[in-house]
Amino acid sequence: MTILGLILMAAGFIGVLVCAKIQKTNPSIQPVAILCALVMLGGLGTYFWFYWNKGKYEAQAAAARQQIFNKALMDTIGKQDGVKGKKIYWLTNDTTSDSHKACLEALKNASGSEVVLPSANGDEGMMMSIDAKTFKTEIAALTDNDVILLDSEVSNITQELDKAFNSKKGPRFVITDSAKNGMFNMKKISAGFKNGKILFAVSTKSNIDQEFEPDEDKLDEAFNNRYQIVKEYNEADWKM
């Protein structure tokens, strides 16, 4: 928009100069000169408005781009073998934002199956508080055919989640970058790959094209720019 302001200023200024020259022989051109001056002033105002609010608009643009990347992440996860058609228990902190709602729909549509969010016993903005007792009950209801999508570092449910991870029965896991620290360190993740408890993980690439503009109609392209699927054979690509 700052470029638009510069264009308007330039167009208005040129118009004023041209009108000033014509006005010597044609005084009736004065209203056009005034209009050009107003365009120039409007361009000046537009330029400084967006210049002063540059940070705000850049943040909004960055959030919009990230929302597409987040949607692409869930779309790709939902399409993977082992997830598609399976009930998905999605552990995430963000449960109220517009981005979360878009991601939830993308995950449902891509997997063609039910996506369940843990029951919240507390709510702090977008951060969902999960009661350990309730979580234990919900985990126990999941079967070998279900999937836990671990998309958040956990704290108060660590013990129950660890039991589910170490059990030979029960749901299998998909892990994103958002959950790879804490209890899910690389040693545990490597073990999960080997015993089949982890279907796959998703890692953010180290060589991201920062100039790439994601397109909501090309989610596969957006995913490939930002993320990669990680399995046992390429787990070394998942940098800590």
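Given the structure is predicted, the values throughout are model-derived calculations rather than measurements.

### Regarding the overall build of the protein chain
Regarding its fold elements, the protein chain presents eight helices and eight strands. Here the protein chain holds 240 residues, and 40% of them are scored as buried. If you take every contact in the protein chain between residues at least 6 apart in sequence, the share linking residues at least 24 apart comes to 75%. Just so you have it, the protein chain exposes about 13,600 Å², and 55% of that area is on carbon and sulfur atoms.

### With respect to the packing of helix α5 (residues 132-140) against helix α6 (residues 158-166)
Geometry of a packed helix pair, given as the angle between the helix axes and the separation of the axes. Two elements in contact, α5 and α6, have axes separated by 9 Å at closest approach and are oriented at 20 degrees. By the angle between their axes, α5 is roughly parallel relative to α6. In this structure, α5 meets α6 at a crossing whose hand is right-handed. Judged by residue contacts, A132, F135, K136 and I139 of α5 engage E160, L161 and A164 from α6. Here the contact of α5 with α6 is built from residues that sort into five nonpolar, no polar and two charged.

### Some points on a nonpolar patch on the surface
On the surface, L35, L38 and V39 cluster together to form a nonpolar patch covering roughly 270 Å² of accessible area. Here V39 lies in helix α2 (residues 30-52).

### What about the pairing of strand β1 (residues 88-91)?
Neither face of β1 is open: one carries I88 and W90, the other Y89 and L91, and all of them are buried. Note: β1 against strand β2 (residues 115-116), two bridges, orientation parallel. Considered in β2, the bridge of Y89 is made with V116. Assessed by its sense of winding, the connection that carries the chain from β1 through helix α4 (residues 98-111) to β2 is right-handed.

### Things to note about the packing of aromatic side chains
For the coordinates displayed, the defined rule picks out four aromatic pairs. Taking 6.1 Å as the distance between ring centres and 45 degrees as the angle between the ring planes, the aromatic pair formed by Y89 and F135 counts as tilted. Here the residue Y89 occupies a position in strand β1, and F135 occupies one in helix α5, the gap between them amounting to 46 residues. The same class applies to Y89 as to F135, namely buried. Relative to F173, the ring of F165 lies with its centre 5.2 Å away and its plane at 80 degrees, an arrangement referred to as edge-to-face. No difference in accessibility class separates F165 from F173, as the two residues are buried.

### Considering the confidence of the model for the protein chain
Predicted coordinates in regions of low pLDDT should not be interpreted in detail. Counting all residues, the mean pLDDT for the protein chain is 78, and 68% of those residues have values of 70 or more. Low confidence marks residues 122-127, where pLDDT is under 50. Its contacts with residues over four positions away, or in another chain, come to ten contacts.

### Focus on the environment of K71
Assignment of secondary structure puts K71 in helix α3 (residues 54-79). Once the C-alpha coordinates of K71 and L107 are considered, the two residues, 36 residues apart in sequence, prove to be 8.0 Å apart. With residues near it in sequence (within four places) discarded, K71 still touches A102, C103, A106, E216 and L219.

### Comments concerning the environment of F193
Of note, F193 is situated in helix α7 (residues 186-195). As a C-alpha pair, F193 and F173 span 20 residues in sequence and 9.8 Å in three-dimensional space.

### As for helix α8 (residues 219-226)
Of the residues making up α8, those classed as buried are L219, A222, F223, N225 and R226. Taken around the axis of α8, the buried residues stretch over an arc of 160 degrees, which confines them to a single face.

### Focus on the pattern of salt bridges
Should the charged atoms of two oppositely charged side chains come close, the side chains can pair. Summed over the entire model, instances satisfying the criterion amount to five salt bridges. For the salt bridge of R65 with E213, the shortest nitrogen-to-oxygen distance reads 3.8 Å. Here R65, found in helix α3, pairs with E213, found in the loop between β7 (198-204) and α8; they are 148 residues apart in sequence, far enough to count as distant. Under the relative-accessibility criterion, R65 is labelled partly exposed at 28%.

Calculation criteria
Residues numbered from 1 in each chain as written. Predicted model: local features only at pLDDT ≥ 70, side-chain atom pairs only at ≥ 80, totals over all residues. Heavy atoms only, no water. Helix = DSSP H or I, 4+ residues; strand = E, 2+ residues; numbered from the N terminus. Buried < 20%, exposed > 50% of the residue type's maximum accessible area, 1.4 Å probe, protein only. Contact = heavy atoms within 4.5 Å. Areas by Shrake-Rupley, 256 points an atom, 1.4 Å probe, with all protein chains shown as cover. Axes fitted to C-alpha atoms, helices over the stretch in contact; angles between N-to-C directions. Parallel < 35°, antiparallel > 145°, perpendicular 65-115°, else oblique. Left-handed = near helix turned anticlockwise from the far one by under 90°. Nonpolar A, V, L, I, M, F, W, Y, C, P; charged D, E, K, R; others polar. Patch = residues over 30% accessible without salt bridge, like charges linked within 9 Å, V, L, I, M, F, W, Y side chains within 5 Å. Salt bridge = Lys/Arg side-chain N within 4 Å of Asp/Glu carboxyl O. Pairing = 2+ DSSP bridges. Right-handed = clockwise from strand over helix to strand, strands pointing away. Phe/Tyr/Trp six-rings, centres within 6.5 Å; stacked < 30°, edge-to-face > 60°. pLDDT = per-residue confidence, 0-100. Arc of directions from axis to C-beta.

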